[in-house]
Amino acid sequence: MALNTNKNLKLYYSIKEVAQMFGLNESTLRFWETEFPHLKPKTTGPNKVRQYTEKDIKEIRMIHNMVKERGFKLAAARKLINANRDGSDRKAEIITRLTDIRSELQLLKHQLDGLQ
């Protein structure tokens, strides 16, 4: 059986790592946990250290898309996410993919411009 090298082996992410992924403050993530009931990272130890899973990051990506990129108020984002959970997930994934593709295309254009 071959080793899957594409598999992400990290199971948990710290609040600092997740905040950096999205360009947010750690306090923003803590606040979103109080506003969005589906966002509940695992906490461990007496200091309640947060451990975010891929599922939590997917939830944050959806919230970030609605609040920071599309300009929804928190109440409106919460209502829309709860009403159309699958559709919201799909839209956030599509936007993330398109943003990544745009970045790659811009990099290619920059490299091609450098050849001339």
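Rules and cut-offs
- Residues numbered from 1 in each chain as written.
- Predicted model: local features only at pLDDT ≥ 70, side-chain atom pairs only at ≥ 80, totals over all residues.
- Heavy atoms only, no water.
- Core = buried A, V, L, I, M, F, W, Y, C linked by side-chain atoms within 4.5 Å.
- Buried < 20%, exposed > 50% of the residue type's maximum accessible area, 1.4 Å probe, protein only.
- Helix = DSSP H or I, 4+ residues; strand = E, 2+ residues; numbered from the N terminus.
- Contact = heavy atoms within 4.5 Å.
- Arc of directions from axis to C-beta.
- Patch = residues over 30% accessible without salt bridge, like charges linked within 9 Å, V, L, I, M, F, W, Y side chains within 5 Å.
- Areas by Shrake-Rupley, 256 points an atom, 1.4 Å probe, with all protein chains shown as cover.
- Salt bridge = Lys/Arg side-chain N within 4 Å of Asp/Glu carboxyl O.

Let's talk about the nonpolar core
Within the largest apolar cluster, 20 residues are counted, with the highest numbers of intra-cluster contacts made by V18, L29, W32, F36, Y52, I60 and I63. Elements that contribute at least two residues to this core include exactly α1 (15–22), α2 (26–35), α3 (54–69) and α4 (74–83). Element by element, the count of residues in this core is highest for α3, at six residues. Leaving out residues up to four positions away in the same chain, Y52 has contacts with L11, Y12, Y13, S14, I15, V18, L29, E33, P41 and I60.

Some points on α1
For α1, every residue scored as buried is listed here: I15, V18, A19 and F22. Buried residues of α1, viewed axially, fall in a sector of 100°; they line one side. Of the exposed residues in α1, those oriented more than 90 degrees away from the buried face are K16 and Q20. Packed against the buried residues of α1 are α2, β2 (49–51) and α3. Positioned one or two residues after α1, G23 has a phi angle of 65°, which is positive.

Some thoughts on a nonpolar patch on the surface
Side chains of I94, L98, I101, L105 and L108 sit close together on the surface and give an oily, nonpolar patch of about 470 Å² of accessible area. Structurally, the position occupied by L108 is in helix α5 (residues 85–115). Looking at L108, the relative accessible area reads 47%, which means it is partly exposed.

Remarks on the side chain of N65
Along the chain, N65 falls in helix α3. Residue classification places N65 among the buried positions, given a relative accessible area of 4%. N65 has contacts with R70, K91, A92 and I95, leaving out every residue within four places of it along the chain.

Focus on the environment of V18
Counting through the fold element by element, V18 comes out in helix α1. A relative accessible area of 0% places V18 in the buried class. Sequence separation of V18 and L29 is eleven residues, and the distance between their C-alpha atoms is 8.5 Å.

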